[in-house]
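Descriptive analysis of the structure
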Amino acid sequence: MADEVGFLELACLMKVTPNTVLEKFGSAINASIFDASNIAGTMKQEGLIDFTAYYPGPNEMVVTENGKRLLSEADAKASEPFDKLDETILNQLSGGKKVPLDLQNNLNLRPKDLALRLYKLFKQNFLIYELRSGNVDIMLTETGFLKASATHASTKQTQPQPPRQQQAQVQQQSDTHSEQTQAAAPPPQLQQESEQNISAVLAKIHAKRKGSRMAMYVAVAVVIAAAVLYLLYYRGVI
């Protein structure tokens, strides 16, 4: 059960003092009696606290040895230097994730590890949190926001860029292709003259075809007239 301890339980554990009683635990964590009872029951199952069950109370709450070890482990983690995982958590928070469960699902991180990291970032003034209605909301401080922004800018700057020599070669090839395209295209005046010449040639060809067709018609008419005359002469009409 120790690996299932989340940041909510760790934050509530820090609210348990020698004078804390179960009946007033809700006011200590800003939750209703029902939500406070559920959280206290979960923390007891995880071995972090213990409390009596006298009616009508008061019932004293105490931190167990497991709870004390967790707090000591959290303090030890808080003294470690800022690293890549801390950076990733800040980036997630700056992107709108403010509930530990959302962070846990998005990062696929063990609940206890995330809890210790959030406690570390809290102690190093990168974030703050608020216990409310049986849950915990996390917000970046100004220091945390500036840190997340700096890591974003650093990531953009470290993205691989093509070497300057390669960029120059690409630009030179583009310029050469553009010059070749311009050289291959004829000047506007020459292109206009070429179009006029082509039109004149086509007109001549059309005229020749028209003349040839007329000559053929005349030849056919002559042949038909000769045949008629021959037929009339043969029959003695002429």
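See the structure shown above.
Residues numbered from 1 in each chain as written. Predicted model: local features only at pLDDT ≥ 70, side-chain atom pairs only at ≥ 80, totals over all residues. Heavy atoms only, no water.

Regarding the overall build of the protein
When its secondary structure is counted, the protein shows 10 helices and four strands. Helices (α) and strands (β) of the protein occur, in sequence order from the N terminus, as α-α-α-β-β-α-α-α-α-β-β-α-α-α. Burial status across the protein gives 26% buried among its 238 residues. A separation threshold of at least 6 residues defines the contact pool for the protein, and within that pool the share at least 24 residues apart is 62%. As displayed, the protein has an accessible area near 16,400 Å², and 56% of this comes from carbon and sulfur atoms. (Helix = DSSP H or I, 4+ residues; strand = E, 2+ residues; numbered from the N terminus. Buried < 20%, exposed > 50% of the residue type's maximum accessible area, 1.4 Å probe, protein only. Contact = heavy atoms within 4.5 Å. Areas by Shrake-Rupley, 256 points an atom, 1.4 Å probe, with all protein chains shown as cover.)

Some details on the packing of aromatic side chains
Evaluated as defined, the whole model comprises three aromatic pairs. Considering the side-chain rings of F7 and Y129, the 5.2 Å spacing of their centres and the 85° angle between planes classify their relative orientation as edge-to-face. Of this pair, F7 sits in helix α1 (residues 7–13) while Y129 sits in strand β3 (residues 127–132), placing them 122 residues apart in sequence. Both residues of the pair, F7 and Y129, count as buried. Between F82 and F126, the ring centres sit 5.2 Å apart and the planes meet at 55°, which makes this aromatic pair tilted. Taken together, the residues span a long stretch of sequence, with F82 in the loop between α4 (65–78) and α5 (84–94) and F126 in the loop between α7 (111–123) and β3 at a distance of 44 residues. Linked through ring pairs, F7, F122 and Y129 together constitute an aromatic cluster. It is K44 that lies over the ring of F51; its NZ or CZ is 4.5 Å from the centre. Against the face of F82 rests K147, its NZ or CZ located 4.7 Å from the ring centre. (Phe/Tyr/Trp six-rings, centres within 6.5 Å; stacked < 30°, edge-to-face > 60°. Lys NZ or Arg CZ within 6 Å of the ring centre and 35° of its normal.)

Overview of the environment of L107
Turning to its location among the elements, L107 is positioned in helix α6 (residues 100–107). Look at L107 and you get partly exposed, because its relative accessible area is 21%. Sequence-wise, L107 and T88 are 19 residues apart; in three dimensions their C-alpha atoms are separated by 8.7 Å. Those residues in contact with L107, other than ones at most four positions away along the chain, are T88, I89 and Q92.

Regarding the side chain of E9
Inspection of the secondary structure assignment puts E9 in helix α1. No salt bridge is formed by the buried E9, whose closest oppositely charged neighbour, K112, lies at an N-O distance of 12 Å. Polar contacts involving the side chain of E9 include one to the main-chain amide nitrogen of G6, which spans 2.9 Å. Ignoring anything within four residues of it in the chain, the contact list for E9 reads T42, M43, E46 and L48. (Lys, Arg positive; Asp, Glu negative; His and termini not counted. Salt bridge = Lys/Arg side-chain N within 4 Å of Asp/Glu carboxyl O. Polar contact = N/O pair within 3.5 Å; in protein donor to acceptor, adjacent residues only side chain to side chain.)

So, α5
Those residues of α5 that fall on the buried side of the exposure criterion are D86, E87, I89, L90 and L93. Buried residues along α5 cover an arc of 160° about the axis, so they all sit on one side. The N-capping residue of α5, defined by a side-chain oxygen 3.3 Å from the backbone nitrogen of L85, is D83. (Arc of directions from axis to C-beta.)

What to know about the pairing of β3
A one-sided burial pattern is seen for β3, the buried positions being L127, Y129 and L131 and the unburied ones I128, E130 and R132. The pairing of β3 with strand β4 (residues 135–140) spans six bridges and is antiparallel. Looking at the pairing, E130 lines up with D137 of β4. Where β3 hands over to β4, the hairpin turn is made up of two residues, of which S133 adopts a positive phi near 55°. (Pairing = 2+ DSSP bridges.)

Concerning unusual backbone geometry
Cis geometry marks the peptide bond from Y55 to P56; its omega dihedral reads 5°. Within the fold, P56 resides in the loop between β1 (49–51) and β2 (61–63). P58 follows G57 through a cis peptide bond whose omega is 0°. Mapped onto the secondary structure, P58 falls in the loop between β1 and β2. You will see that N30, though not glycine, has its phi angle at about 60°, which is positive. Residue placement: N30 occurs in the loop between α2 (25–28) and α3 (33–45). Overall, N30 belongs to the partly exposed group, its relative accessible area being 43%. The phi torsion at N125 lies on the positive side, around 65°, for a residue other than glycine.

Don't take any of this as a statement about function, it's just geometry.
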